[in-house]
Amino acid sequence: MLTIDHLMWGAPDLDAGIAEAERLFGVTAAAGGSHPGLGTRNALLGFENGSYFEIIAPDPAQPLEGNFGAALAALRQPALVTFAVAAADLAALAGQARAAGCTPRGPIDTQRATPAGALLAWQLLFLRNHAFGGLCPFFIDWLDTPHPSLSAPQAGRLEALAIDTPAAPALGALLRALEVRVPVTQAAAPSLSARIRTGQGVVTLRSSAESVRLRFGS
């Protein structure tokens with residue numbers, strides 16, 4: 001089974017998102033960098049089980065027209081957007097996605113510079129032709145780049161990730177076909193939730209009605 005690589009938590013403003021994450025976790029997130037063309041920038045916190053927490057927000061240094069940064073700017077408050085799953089062979093996973101009825105986009109070579117000037121490079125795979133929004137993950141291969149969880153300030157341990165959706169049978173079948181083990185429960189409205197154990201106790205994060213509709217990269 002594939003493992004969760006990171007949680008994507010969208011915020012309309014990065015500084016405000018960092019401040020809210022510090023209130024929740026008791027740790028200040030480290031600046032990540034900008035994503036050219038997406039209109040976004042991020043900050044990171046690590047989880048002790050080898051995954052991490054990405055605060056992603058609009059980048060005021062980039063144009064915000066019709067891109068993901070513009071969509072994040074419209075959020076009323078920070079919320080979970082989606083999650084990424086680690087995979088070592090994205091080309092093979094793309095074949096599994098086609099067999100499951102989805103149209104893959106990728107693998108896509110991606111990179112960004114850190115504030116210290118180091119260049120990080122990785123590959124992404126997105127799934128199209130589905131109606132699950134942010135409840136359907138994207139996939140990432142960090143190649144030779146050290147995993148971000150190794151250098152980010154530690155916020156605790158990701159204990160659980162869960163999905164509620166009116167389309168539980170269909171999404172559950174897709175995730176099983178892609179070897180993603182995340183509980184999917186039938187519910188009246190779609191939502192994504194995560195439970196993190198921190199030094200301050202247990203923190204539960206959720207998507208919002210706005211954030212769960214966003215499609216990152218698909």
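## Looking at helix 1 (residues 14-25)
Piece 1. Look at helix 1: 16 Å from first C-alpha to last across 12 residues, which is about the 16 Å you get at 1.5 Å a residue.
Piece 2. Buried residues of helix 1: Leu 14, Gly 17, Ile 18, Ala 21, Leu 24 and Phe 25, and no others. On an axial view of helix 1, the arc spanned by its buried residues comes to 125°, and they lie on one face. Counted as exposed and oriented over 90 degrees from the buried face of helix 1: Asp 15 and Arg 23.

## A few points about the nonpolar core
Side chains of a nonpolar character, in soluble globular proteins, are inclined to be buried together.
Piece 1. Of all hydrophobic cores here, the largest spans 47 residues; its most connected members are Leu 7, Phe 25, Phe 53, Ile 55, Phe 83, Phe 139 and Leu 205.
Piece 2. When residues in this core are grouped by element, the largest group, five residues, is from helix 1.
Piece 3. Look past the residues within four positions of Ile 55 in its chain and what remains in contact with it is Trp 9, Ala 11, Leu 14, Gly 17, Ile 18, Ala 21, Ala 29, Arg 41, Asn 42 and Ala 43.
Piece 4. Ranked by size, the runner-up nonpolar core spans 19 residues in total, among them Phe 68, Val 81, Leu 214 and Phe 216.

## Focus: the pattern of salt bridges
Piece 1. One pass over the full model with this rule turns up five salt bridges.
Piece 2. Note that Glu 48 and Arg 157 form a salt bridge whose closest N and O atoms lie 3.8 Å from each other. Of this pair, Glu 48 sits in the loop between strand 3 (40-47) and strand 4 (52-58) while Arg 157 is found in strand 9 (residues 154-165), placing the two residues 109 residues apart along the sequence.
Piece 3. On the basis of relative accessible area, Arg 157 is assigned to the partly exposed category, the value being 38%.
Piece 4. The residue Arg 197 makes a salt bridge to Glu 159 at a minimum N-O spacing of 2.7 Å. Of this pair, Arg 197 sits in strand 11 (residues 191-198) while Glu 159 sits in strand 9, and the two are 38 residues apart along the sequence.

## Considerations on the side chain of Glu 54
Piece 1. Here Glu 54 shows up in strand 4.
Piece 2. Among buried charged residues, Glu 54 stands out as having no salt bridge; its nearest opposite-charge side chain is Arg 112, 6.3 Å away.
Piece 3. Among the polar contacts made by the side chain of Glu 54, one reaches the side chain of Asn 42 at a distance of 2.9 Å.

Cut-offs applied
Residues numbered from 1 in each chain as written. Predicted model: local features only at pLDDT ≥ 70, side-chain atom pairs only at ≥ 80, totals over all residues. Heavy atoms only, no water. Helix = DSSP H or I, 4+ residues; strand = E, 2+ residues; numbered from the N terminus. Expected span 1.5 Å × (residues − 1). Buried < 20%, exposed > 50% of the residue type's maximum accessible area, 1.4 Å probe, protein only. Arc of directions from axis to C-beta. Core = buried A, V, L, I, M, F, W, Y, C linked by side-chain atoms within 4.5 Å. Contact = heavy atoms within 4.5 Å. Salt bridge = Lys/Arg side-chain N within 4 Å of Asp/Glu carboxyl O. Lys, Arg positive; Asp, Glu negative; His and termini not counted. Polar contact = N/O pair within 3.5 Å; in protein donor to acceptor, adjacent residues only side chain to side chain.

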